[in-house]
Amino acid sequence: MVAIAVIEELGAATTDPIRFGGKAAGLGRLIELGHRVPEGFAIAAELMETAIEQLGLRHEFDELEASMSTGAPDLDRGEAIRAALVGRELPPGVIHPVKVAAETFGDGMLIVRSSAQAEDAHDHSYAGIFESVAVEADDIAGALQFVWASVFAPRALSYAAHAGLRQVPRMGVIVQRYLPAERSGVMFTTFPGPEGDPDILVEHVAGTAEKLVLGEVTPSRLWLRMGDVGNDELAEAHTSELQRLATVLEEQFAGPQDVEWCVIGPDVFVVQTRPVTAPAAPAASGDVDEDLVLLHGTAASPGMGSGPVHVSFNVDEALALESGDVLVTPMTNPDMVVAMRNAAGIVTDVGGMICHAAIVSRELQLPCVVGTGTATTTLGEDEVVTVDGSNGVVLEGAVAAEHTAAERVSAEDLWTLWPEEPQPNAIPLVSTVQLLESVPDRVRRVAYLVDNDLHCDDKGLWVAGNGEHLSATLRRAADSAPQVDEIITVTGGAVSSDDLVSHVQRLGDARIVPGAELAVAWDGAGTPDDELSAVPLAHFAAPHATQRSRLGPIDASIARSLDPSQGPGPTPQIQHAAMPDPQWRQRWWDLLVEYGRFHRQFATTDATDDMHPWIEIRPEVLTSPLLKSLVQPGFEMVPHALEFVSTRPMHTKWAKCRFHVRADTFGATWAQLVQGTWERGFMEHFLRMVRRSYDHLAEVVRLFPNSDDEARGLEDGRVVALVTAWWPRWVEFFALCLFIQAQGEAILYPVIAETVDANLADLGDPPPERSWPGLPDLVAPTSPVLSAEYVTSIDDVRTQLDAAGLTDVETAAAAVHEGEPPELADVVHRHLERWHWMRDRDLLFEPWDTVERVIETALRTDPHPPVPYAENLERNRLALALHADLAAAAGRGGLMRHGVRFLQDLNVERENHHVLWLEYSYPLRRVVLEMERRLIAAGWEVDPGLVFYLQMPELLDAFEALPALPSSELADLAVARRRAYRHEAHLEMVPPETLYEEDDYY
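Residues numbered from 1 in each chain as written. Predicted model: local features only at pLDDT ≥ 70, side-chain atom pairs only at ≥ 80, totals over all residues. Heavy atoms only, no water.

Visitor: Run through a negative patch on the surface, naming residues and quoting values.
Guide: On the surface, Glu103, Asp107, Glu136, Asp138 and Asp139 cluster together to form a negatively charged patch. Within the element layout of this structure, Glu136 appears in strand S4 (residues 133–136). (Patch = residues over 30% accessible without salt bridge, like charges linked within 9 Å, V, L, I, M, F, W, Y side chains within 5 Å. Areas by Shrake-Rupley, 256 points an atom, 1.4 Å probe, with all protein chains shown as cover. Salt bridge = Lys/Arg side-chain N within 4 Å of Asp/Glu carboxyl O. Lys, Arg positive; Asp, Glu negative; His and termini not counted. Charge placed at Lys NZ, Arg CZ, Asp CG, Glu CD. Helix = DSSP H or I, 4+ residues; strand = E, 2+ residues; numbered from the N terminus.)

Below, the structure is given as structure tokens:
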């Protein structure tokens, strides 16, 4: 049954793209913003599924969905559904509310338009793929069927597969009053003009725009440069209004728009706006031959590397990678580090700038492209490709890098920009001590903005502006420029002016003075001659960009993050399903008191058959059934852990071993997270809570046995007590860490990237043989993460193996067991003591904790140069100073300093969380295996390891019931789950129809 109204008037109620589709959401937003849009209503996507159900097409639909999941849609089955949707009469319960809504328009024509969930997105627009039709109100049923049926047409299914979607697109529908347009057309708000400069392109025809969109007529073309308005066909008032709309829409939607419009009398109506979906121009690191591009993604780690493709869906397949292969995988995890370091390059389906693959690739200095959407299905095994991590593309064949990246500009280079004869009363403003260290002798007086250095520790991470750090920052500034007569200190808000004055006075250096009254000319315009002004060096690198017209309002850029479907990588998939059985969930609520209290607070413990849309966050097989049951409370407890008062649990469901969240509860949490990420106080508190959760879990882990013998000595009650003490702390740890990656790559990074791209477009030519710093400099690793420490430990083992001349596992292991040479034995045992738990996160595979495996790992890995953390931090400071100063004219300076520093923090926390996941779940693994051993010893006839296919409430119930044995049905259930999991993880392929299905698991 459908729980909520499926029809809403176009406007604020239809801005949810999950329920009403991308087009309806865009129109609703336009109406909210006050634009002139033809009146109408929207039909939610779930009504199409209700129609499919009531028409008896569910089996056919499910079979089509299964074929979509493989990337090869069954077009014949799709055609059968399409024909049935058009040919059969819609049930009264489906069509009646639509007819009632349509009758409110009275007589006249209506336009019935498609609005699929994936339509009008940044990465694929579906332009011209789905149908729209003009009809009389009496014919609304046929028009609705026609639009729904277009979902199943071969071109639509093929487009979806090509775009990387693995589900049938869900279709919302828009019904609007049909307007007899006098002229209509499309407008690209930013488009390369005839002379190559960005311009506004308008194409228009007489009457309605259908023929123009379909390419059936040659339109009139108009470039709306300043003053170039009006012609014989389009009135000057209309072109002026289009020019105004182009500016306003780009600002409101934070990027170039593809706008459909029409003219009726004196008015211009906006019929549709969507992001321009053409790929962005490549980075300045070199030209890209688009004829060779196989895939576009996010440029996560710079450089180029070529080799044969090695496709990996699991750890075992990854470890079979040969040195020099290109690792292609849905996404990486810490177990793949050994394989990654041997790779010529890394390519993933999902992820962004701070996913595991991106972080580790930057650590290992390997080219990496993430978020391609379809790499594992597009690239063939052993196909030779080139990973261009600088431009975010995968190229066909072995393509040599034709351009050697020039060295980045230095502090000395930036000082050459300061004019020999500056304007009167102007002094240079610098935003990092690196620029103070390079002040030329001709400059005797400078202004120093403390913010950039004040919130950066010696690892490049965020640090609160406490008094001790402020004093240290000022002392470093004083020591950096002994030849300067006066350093005037100013703040952009990182510290109060009073505190700055107090610490300057306490410093006691006559050359360092507070500049509370000093004006900063961020746009380079200066101040009246009788007032002293500070002009940033960045201004002279971009002297003609004072308006920063490429940068829209920051609020619009941040607001764009509110739609998680617009993030990097493929569009999240949607399925409709009921809530999990509350009687089943009650077992979790009883075991975890705080979790149960949270659900009861919002009455989510009640049974309901209501259908809801569920978002598949990542197309990765996430967890075994046991670990799934352990982390599920963490997913749902996120609002509570983040202290989002009055926000409901983030309802979670598993389908085919993949993580789904209910769209509405996810959206409420996400919206608060977006806002909080840009609030310094929230982020500081959040990171403190994350680190504190590590400590809480570590305290519990110390109570666990350190060996199998110790585990065997535990009393049964002690075993249960350990599990139930560990679990709540794990929930806290997991809930707090869950969104770290999403914050970095879907909230912080897009705004930073947008700002840097605009800066680079505004900058003039760099000094000879130099290049301007860009995004790679802002995300380069400035401090080691745990994966890097692990790699260093493996390097130490490899170094000792090479020194001893040992090249095979058996001989080297024998030498270690004999203690000779002692240096090798010591380094291996130190590695085992520190990293014995560094193996699979899903509690399925054996630990990586034997001498033989450590040696095998070391021998299989090639040495890598050490990561230049200190040099990266200096590059980062200088790059941030330049880009924050350039962005200040658009009001984004403080935001850049905030964002980049927290991005570095999240980068480290994300990767440490990955590895701590292994360390903190390893002790539980030993206890779980001991529980299984005792069950088997008591007579439960199961294969060892089957315990990982039980869920924790089931396991605890079975263990506490000893000496009574679990039923044979429980063993059968675990066997069925194991078969399903291995199929989904590409470990064992079986006919899909033989797979077991279970609510909330498979």
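Visitor: Kindly report on the nonpolar core, identifying the contributing residues and their values.
Guide: Formed by 167 residues in total, the largest nonpolar core has its most connected members in Trp726 and Trp730. The biggest single contributor to this core is helix H36 (residues 893–937), with 18 residues. Discounting chain neighbours no more than four positions away, the residues touching Trp726 are Leu630, Leu697, Val700, Val701, Phe704, Tyr920, Ser921 and Leu924. (Core = buried A, V, L, I, M, F, W, Y, C linked by side-chain atoms within 4.5 Å. Buried < 20%, exposed > 50% of the residue type's maximum accessible area, 1.4 Å probe, protein only. Contact = heavy atoms within 4.5 Å.)

Visitor: For the sheet that holds strand S24 (residues 519–520), give the residues involved together with the corresponding values.
Guide: Within the open sheet, the six strands sit side by side as S23-S22-S21-S20-S25-S24. Their pairing is parallel. Both edges of this open sheet fall to strand S23 (512–514) and S24, since each of them pairs with a single strand only. Looking at chain direction, strand S20 (residues 426–430) and strand S25 (residues 533–536) are connected through four bridges and run parallel. Note on S25: the bridge partner recorded for Ala426 is Ser533. (Pairing = 2+ DSSP bridges.)

Visitor: Explain the pattern of salt bridges residue by residue, including any values.
Guide: Tallied over the entire structure, the rule returns 40 salt bridges. Salt-bridge contacts for Asp453 lead to Arg877; the nearest nitrogen and oxygen are separated by 2.9 Å. One end of the pair, Asp453, is in helix H16 (residues 451–454); the other, Arg877, is in helix H35 (residues 869–888), and 424 residues separate them in sequence. For the pair formed by Asp453 and Arg877, the shared burial category is buried. Measuring nitrogen to oxygen at the nearest pair gives 2.8 Å for the salt bridge that ties Arg977 to Glu954. Placement of Arg977 in helix H38 (residues 968–984) and of Glu954 in helix H37 (residues 952–960) is noted, with a sequence separation of 23 residues between them. What makes Glu954 buried here is its relative accessible area of 5%. Each of Glu49, Glu53, Arg58, Asp62, Glu65 and Arg170 takes part in a single network of salt bridges with overlapping partners.

Visitor: Outline the sheet that holds strand S17 (residues 384–388), supporting the account with residue identities and numerical values.
Guide: Strand order in the open sheet made by the eight strands is S11-S18-S17-S13-S14-S15-S16-S12, with mixed pairing throughout. The two strands at the open ends of the sheet, each matched to only one other strand, are strand S11 (293–296) and strand S12 (298–301). The sheet shows a mean angle of 30° between the axes of neighbouring strands, direction not considered. Where S17 and strand S18 (residues 393–396) come together, four bridges link them in antiparallel fashion. When the bridges of S18 are listed, Thr386 appears paired with Leu395. Each of S12, strand S15 (345–348) and strand S16 (368–370) is contacted by helix H12 (residues 356–364), which is oriented at about 170° to S16, the strand it contacts most. (Axes fitted to C-alpha atoms, helices over the stretch in contact; angles between N-to-C directions.)

Visitor: Which residues make up unusual backbone geometry, and what are the values?
Guide: Following Glu820, the chain continues into Pro821 via a peptide bond in cis, with omega recorded as -10°. Across the junction of Leu962 and Pro963, the peptide omega takes the value 10°, indicating a cis bond. When you line up the elements, Pro963 lands in the loop between H37 and H38. You will see that Asp382, though not glycine, has its phi angle at about 75°, which is positive. One can find Asp382 in the loop between helix H13 (375–378) and S17. Judged by its relative accessible area of 55%, Asp382 is exposed.

Visitor: Residues and numbers for the environment of Val450, please.
Guide: Along the chain, the position of Val450 falls in the loop between strand S21 (445–449) and H16. Residue Val450 is classed as buried on the basis of its relative accessible area, which comes to 0%. For the pair formed by Val450 and Val490, sequence separation is 40 residues and the distance between their alpha carbons is 6.4 Å. When residues no more than four places from it in sequence are discounted, the contact partners of Val450 are Leu474, Thr489, Val490, Thr491, Val495 and Leu500.

Visitor: Can you lay out the packing of helix H3 (residues 58–69) against helix H4 (residues 75–87) for me, pointing to particular residues and giving the numbers?
Guide: Interaxial distance between H3 and H4 falls to 9 Å at its minimum, and their mutual angle equals 150°. Handedness of the H3/H4 crossing: left-handed. Here H3 contributes Glu60, Phe61, Glu63 and Leu64 to the contact with H4, which in turn contributes Arg77, Gly78 and Ile81. Class assignment for the residues of the contact of H3 with H4 results in three nonpolar, one polar and three charged. (Left-handed = near helix turned anticlockwise from the far one by under 90°. Nonpolar A, V, L, I, M, F, W, Y, C, P; charged D, E, K, R; others polar.)

Visitor: An account of the side chain of Arg934 is needed here, citing residue identities and associated values.
Guide: Position of Arg934 relative to the elements: it lies in helix H36. There is a polar contact of 2.5 Å between the side chain of Arg934 and the side chain of Asp716. Setting aside anything within four residues of it in sequence, one finds Arg934 in contact with Ala711, Arg712, Leu714, Glu715, Asp716, Val719, Phe959 and Leu962. (Polar contact = N/O pair within 3.5 Å; in protein donor to acceptor, adjacent residues only side chain to side chain.)

Visitor: Pulling in residues and values, what's your account of H35?
Guide: The end-to-end C-alpha distance of H35, which contains 20 residues, comes to 28 Å, matching closely the 28 Å that a straight helix rising 1.5 Å per residue would cover. Most of H35 sits inside the fold, with 16 of its 20 residues counted as buried. (Expected span 1.5 Å × (residues − 1).)

Visitor: Please set out the confidence of the model for the protein chain residue by residue, giving values where relevant.
Guide: For any part of a model where pLDDT is low, the fine detail of the predicted coordinates should not be relied upon. For the protein chain, the average pLDDT comes to 83, and 88% of its residues sit at 70 or higher. Averaged over each element, pLDDT in the protein chain is lowest for helix H8 (residues 210–213) (53) and highest for helix H28 (residues 716–737) (95). This stretch, residues 213–217, has a pLDDT under 50; its non-local contacts, to residues over four places away or in other chains, come to five contacts. (pLDDT = per-residue confidence, 0-100.)

Visitor: Break down the packing of aromatic side chains for me, citing the residues and quoting the values.
Guide: Enumeration over the complete set of coordinates arrives at 24 aromatic pairs. Summarising the aromatic geometry, the rings of Trp726 and Trp730 are spaced 4.8 Å apart at their centres and angled 20° between planes, so their arrangement reads as stacked. Taken together, the positions of Trp726 and Trp730, both in helix H28 and four residues apart, correspond to about one turn of that helix. Taking relative accessible area as the criterion, Trp730 reaches 0% and is therefore assigned buried. By way of ring pairs, the aromatic residues Phe635, Trp654, Phe659, Tyr694, Trp726, Trp730, Phe733, Phe734, Trp917 and Tyr920 are connected into one cluster. Against the face of Phe269 rests Arg36, its NZ or CZ located 6.0 Å from the ring centre. One residue, Arg834, lies across the ring of Trp835, its end atom 4.3 Å from the ring centre. (Phe/Tyr/Trp six-rings, centres within 6.5 Å; stacked < 30°, edge-to-face > 60°. Lys NZ or Arg CZ within 6 Å of the ring centre and 35° of its normal.)

Visitor: Tell me about the pairing of S21, and name the residues and values.
Guide: As a general feature of sheets, a regular strand has side chains that alternate between the two faces. Burial of S21 is extensive: four of the five residues sit out of reach of the surface. Looking at chain direction, S21 and strand S22 (residues 486–490) are connected through five bridges and run parallel. The residue of S22 that forms the bridge with Ala447 is Ile488.

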